[in-house]
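Each chain is listed here by its residues.
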Amino acid sequence: MTGMGRELTRKTATELAAAIAAGDVSAVEVTQAHLDQIAATDDRVRAFLHVATNEALAQARAVDEKRARGESLGALAGVPVAVKDLFATAGVPTTCGSKILQGWVPPYESTVTARLRAADAVVLGKTNMDEFAMGSSTENSGYGPSHNPWDLAKVPGGSSGGSAAAVAAFEAPLSLGTDTGGSIRQPAAVCGIVGTKPTYGGSSRYGVVAFASSLDTPGPLGRNVLDTALLHQVISGHDPMDATSIDAPVPPVVEAARHGDVSGMTIGVVTELAGDGYQPGVMSRFAEAVEVLQGLGAKVVEVSCPHFKYGLPAYYLIAPSEVSSNLARFDGMRYGLRAGTGSAEEVMATTRAAGFGAEAKRRIMLGTYALSSGYYDAYYGKAQQVRTLIIRDFEAAFSQVDVLVSPATPTTAFDIGERADDPMAMYLADLCTIPSNLAGNAALSVPVGLAPENGLPVGLQVMAPPLADDRLYRVAAAVEAAFDSRRGHPLLAEAKGLGA
Amino acid sequence: MITRDDIAHLARLSRLALSDEELDHLAPQLDQIISSVAQVQEVAAEGIPATSHATGLTNVFRDDEPRPCLTPSEALSGAPAVELQRFKVPRILVEEG
Amino acid sequence: MAVTYEEALTRYEPVFGLETHVELGTRTKMFCGCITTFGGEPNSQVCPVCLGLPGSLPVVNRTAIEYTIKIGLALNCTIASWCRFARKNYFYPDMPKNFQISQYDEPLCSEGYLDVAVSGEIVRVSIERVHLEEDTGKSLHVGGATGRIQGAEYSLVDYNRAGIPLVEIVTKPVPGTGSMAPDVARAYVTELRDVLRSLGVSDVRMEEGSMRCDVNTSLSVRGSGVWGTRTETKNVNSLRSVERAVRSEIPRQAEVLDAGGRVVQETRHFHEESGETTSGRSKEEAQDYRYFPEPDLVPVAPAADWVESIRASLPELPSARRSRLLAAWSLSELEFESLRNAGALDVVEATVAAGASSADARKWWMGELARRANEAGVEVSYLAITPAEVARVSALVSAGTLNDRLAREVLDGVLAGEGTPDEVVEKRGLAVVSDDSALLSAIDEAIAANPDVAEKVRSGKVQAAGVIVGAVMKATRGKADAARVRELVLERLA
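Conventions adopted
- Residues numbered from 1 in each chain as written.
- Chains lettered and ligands numbered in written order.
- Predicted model: local features only at pLDDT ≥ 70, side-chain atom pairs only at ≥ 80, totals over all residues.
- Heavy atoms only, no water.
- Buried < 20%, exposed > 50% of the residue type's maximum accessible area, 1.4 Å probe, protein only.
- Helix = DSSP H or I, 4+ residues; strand = E, 2+ residues; numbered from the N terminus.
- Pairing = 2+ DSSP bridges.
- Right-handed = clockwise from strand over helix to strand, strands pointing away.
- Axes fitted to C-alpha atoms, helices over the stretch in contact; angles between N-to-C directions.
- Parallel < 35°, antiparallel > 145°, perpendicular 65-115°, else oblique.
- Contact = heavy atoms within 4.5 Å.
- Nonpolar A, V, L, I, M, F, W, Y, C, P; charged D, E, K, R; others polar.
- Left-handed = near helix turned anticlockwise from the far one by under 90°.
- Arc of directions from axis to C-beta.
- Salt bridge = Lys/Arg side-chain N within 4 Å of Asp/Glu carboxyl O.
- Polar contact = N/O pair within 3.5 Å; in protein donor to acceptor, adjacent residues only side chain to side chain.
- Phe/Tyr/Trp six-rings, centres within 6.5 Å; stacked < 30°, edge-to-face > 60°.

Asks: So what's going on with the pairing of strand β3 (residues 122–127) of chain A? Residues and values would help.
Replies: All names here are of chain A. With six of six residues buried, β3 lies mostly within the body of the structure. Judged from the three bridges that link them, strand β1 (residues 48–51) and β3 form a sheet pairing that is antiparallel. Paired with Phe48 across the strands is Thr127, a residue of β3. Crossover handedness for the path strand β2 (residues 80–84) to helix α5 (residues 111–118) to β3: right-handed.

Asks: Quick rundown of the packing of helix α13 (residues 358–371) of chain A against helix α1 (residues 4–13) of chain B? Include the residues and the values.
Replies: Two numbers describe how α13(A) lies on α1(B): the axes approach to 9 Å, and their chain directions differ by 95 degrees. Taken together, the axis directions place α13(A) and α1(B) in an arrangement best described as roughly perpendicular. Across from Met365(A), Thr368(A) and Tyr369(A) in α13(A), the residues of α1(B) making contact are Ile7(B), Leu10(B), Ala11(B) and Leu13(B). Looking at side-chain class alone, the contact of α13(A) with α1(B) contains six nonpolar, one polar and no charged residues.

Asks: Mind laying out the packing of helix α9 (residues 358–376) of chain C against helix α11 (residues 404–415) of chain C, listing which residues take part and the relevant values?
Replies: Residues and elements named next belong to chain C. One can describe the packing of α9 onto α11 by two numbers: an axis separation of 12 Å at closest approach and a directional angle of 55 degrees. In terms of orientation, α9 and α11 fall into the oblique class. Where α9 crosses over α11, the handedness of that crossing is right-handed. Here Lys363, Trp364, Glu368, Leu369 and Arg372 of α9 lie close against α11, whose contacting residues are Asp404, Ala407, Arg408, Leu411, Asp412 and Leu415. For the contact of α9 with α11, the per-class residue count stands at five nonpolar, no polar and six charged.

Asks: Provide a residue-level description of helix α14 (residues 451–458) of chain C, including the pertinent values.
Replies: All names here are of chain C. Looking at α14, one finds that the buried residues are Val453, Ala454 and Val457. Taken around the axis of α14, the buried residues stretch over an arc of 100 degrees, which confines them to a single face. The elements touched by buried residues of α14 are α13 (436–449), α15 (465–475) and α16 (482–492).

Asks: Which residues make up the pattern of salt bridges, and what values do they have?
Replies: Residue and element names in this part refer to chain C. Under the defined criterion, the tally for this structure stands at 62 salt bridges over all chains. Across the salt bridge formed by Asp194 and Arg193, the nearest N and O atoms sit 3.5 Å from each other. According to the relative accessible area criterion, Asp194 is buried, its value standing at 14%. Arg428 is the partner of Glu418 in a salt bridge, and the nearest nitrogen-oxygen pair spans 2.8 Å. Of this pair, Glu418 sits in the loop between α11 and α12 (421–428) while Arg428 sits in helix α12, and the two are ten residues apart along the sequence. When its relative accessible area of 34% is taken as the criterion, Arg428 is described as partly exposed.

Asks: Explain the interface of chain C and chain A residue by residue, including any values.
Replies: At the interface, 31 residues of chain C touch 35 residues of chain A. Joining chain C to chain A, the criterion identifies 16 residue pairs in polar contact (both at pLDDT 80 or more). Counting only elements with at least two residues in the side of chain C that touches chain A, the list comes to β4 (86–89) and β15 (292–293) of chain C. Classifying every residue of the side of chain C that touches chain A by side-chain character gives 21 nonpolar, five polar and five charged.

Asks: Describe the packing of aromatic side chains, with residues and values.
Replies: Residues and elements named next belong to chain A. Per the stated rule, a full pass over the model turns up 20 aromatic pairs over all chains. Arranged with centres 6.0 Å apart and planes meeting at 70 degrees, the rings of Phe132 and Phe356 form a pair that is edge-to-face. Taken as a pair, Phe132 in the loop between β3 and α6 (161–168) and Phe356 in the loop between α12 (344–355) and α13 lie far apart in primary sequence, 224 residues in all. Accessibility classification places Phe132 together with Phe356 in one group, the buried group.

In structure tokens, the structure reads:
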């Protein structure tokens, strides 16, 4: 790979978009540089399940031709984006990280990726993920885990682990993920990048293979706050094909990202998101971030959200219940894997046993149990009540503060294999992120440094009321600027995993 | 406490042909998870309504207007088996509907 | 020992209920924009949504909601102010998602009733609920002897029908009808069909499957007050089958109970050829569908003014029409029922509106035209003649331009496409000869040809004049007014 190519992969999405629009560099050069980076590093990072080389170069060429004709270019023209393999991409294989969809090529396109294309972005390929978005490490992928660019022996988080790793490894400046219980924020935090879960309903779920329908939210990942806001803007907005999508203007996230300023804001630290199970280095970096916010002029107060501790059990009832139903369609009759012989009933059962991994099976059975007559009220019904209480906790909190903050996840990246067969330990990674999914509000993770004990990234989670996504970027931009200036360089420059 | 037989029943309900080893392995894990999520029952929720949809939206409709659909070949493109332009599926044992 | 129907009724009280599924006549499916036309090439009317492809999402068809509210109002139901869709989870190859989006404990309409007339009495059938769901795909079972599932080697599935809006109308159990149970069941389905047709929400053709009935039957020991176990009978594809299904289930269950056995709660299959039901799937272990609110759809809360505007748009319902016509036409219940059963109400009413008396309109439609309709194997309304044309023929008869025989020829001509009644009269020269002078010449010829008969008449045997009249009618090829001819003959031979 050329030095110029390497330089291109270090640029921000904003810089690349500007350079391509100005004609300083061609979209093809930019795409090729990133394809080269993938070729050089992905054998170790394993972020991608499918690299769409020909399609990407064709898209890049089309951008260059458009520019040459003097036509106006989309906001992300020529910018390479990696897409989580949960999004249906027409003509491009989509596996959702599962063997049961090995070889499936969707005949239609998701709304969010269609908006990417309409913005003239270049889709580099599909990234690895925990099977059907269930997991916090990508170890539940049917195709092997991805590796954290900071330390290849560690997980990149999940379920959008591939998307986070791709960005952290400079294979793409931007990526798309989905967040159901923390699946964008947690990988972003443990990979040292920015990741946002938009307000639920703020970005369309049409074409996003469903895990937990009432919680799933497509969202952006990037190496810095402004880039992430740019992608957030492009993918968001009402979609008539999604009945749960909100018909309201996209909050001014790019504007907010350009004007990070917390003076006069009141910021609440959630009391319950701390304590046992939280790594000391995570807590110390978090405390530091809170001090920085104070120094920047924010008023910081403690806020109690007493029902947050029931968030994890409620989530692990609601999500499996919805997924047990959402995954029923994978039965070998119409698409995907078909295994076994005998009757339709037998083939369905054999196919599903062969195609789904252990976590998927656990959650399907858990969900089936929670919805069974006789158990519904005590489990699923109760969980939905807890959901109401968590929403009320947030409403009460937001009546006092503009945003809430907490660590994004209790620990830094753990070892590959460490929690793989201990589901309960794995679930703890979502402690901080789950409440926002249950309530549907907006939240993001922004890197605030490295944990002293192991030099691994720590993320600060910022939470805002529904449709106040711009507040997230305002706070995150201020934090990022403060830390970058302290450090003198972007955090990722310190990532040693790939021998940077 | 959820037994291995309960798990086997759930597996049948969800059309998962699990092996004995899998059942042995998954049963205690599921038992542990179920005991843990049962925590939600601790919450005093008298008179608290359940939330099934967080956005508060209602009445989202579409007009009764035709939209383009898939061609038969697109519709059948992923099918493991096709005959007479239909999805060919193995013999169905239990009559439904 | 087989129990007869009558015997069964001496010991048991039948209770029945009906679940009717109706395909709505919307242009597009319940949750997507695919068209709903019947008979398309397999899998040519499908999209990611109705195929349940991974990532697809449903969006509710507003017209389907409107039609369902219309049905609920016509059935005197309460319309929910807020309700949700729910997932009914089970695995079956004709259901692409392996769950059906339906409604569970929050139906759009509930607690209504439909009054049905049976042999002059009114029976009120209570309606439990009316809710909306999506239809499934259709399977062809290949390899077995009968084309049914049993013994098939494999099945071929077409999803064109998957996602078509389906309304499910469920009655409460109907007790107290005694030996009339089968008739009341049939009358209910007939009346329901007519209501739905008048609303214009479905073409309700049982033969085509746009209306399907499941009949539930149970027996209660007379005087015990305890209701028995019910069976559900499916594959009931016509009004007659509804009646026959109940009629055969009553003695069958009685026989089981008489022998000290238990009626098995099960699904039974109705056989057209034998009129009997056979055992299908056991419902002993009720399926747990694990219903939960559909997370991909938000609640439906029909605004009160929307519901009222739908109510204001309801057409005259069959029961109101019945009362009106019974009075206006002085009909008996039975006369009305035979008109209704012949499918002649609309055309008769239109004929009256075009100027005919109700008696004449009924005479023509239920007489000549019904005969021709039967010959052609269609309902009267399908004949190639309009109510206005029938009214014209009737008017021509009243005016004396046509007699009944000529009128029948005119009808022939119109049905054959020769033109309007007046055009047919003209072309075929069918007008009654009303000019006396023309008649007189024919009369004189006939008298001359029958001298002895003429003599008899002159001598007072008036009845003999019939021969002369007959001869004149023959000579004029029936175009004379027979009564007038007779008058003139008698004058002539006075």
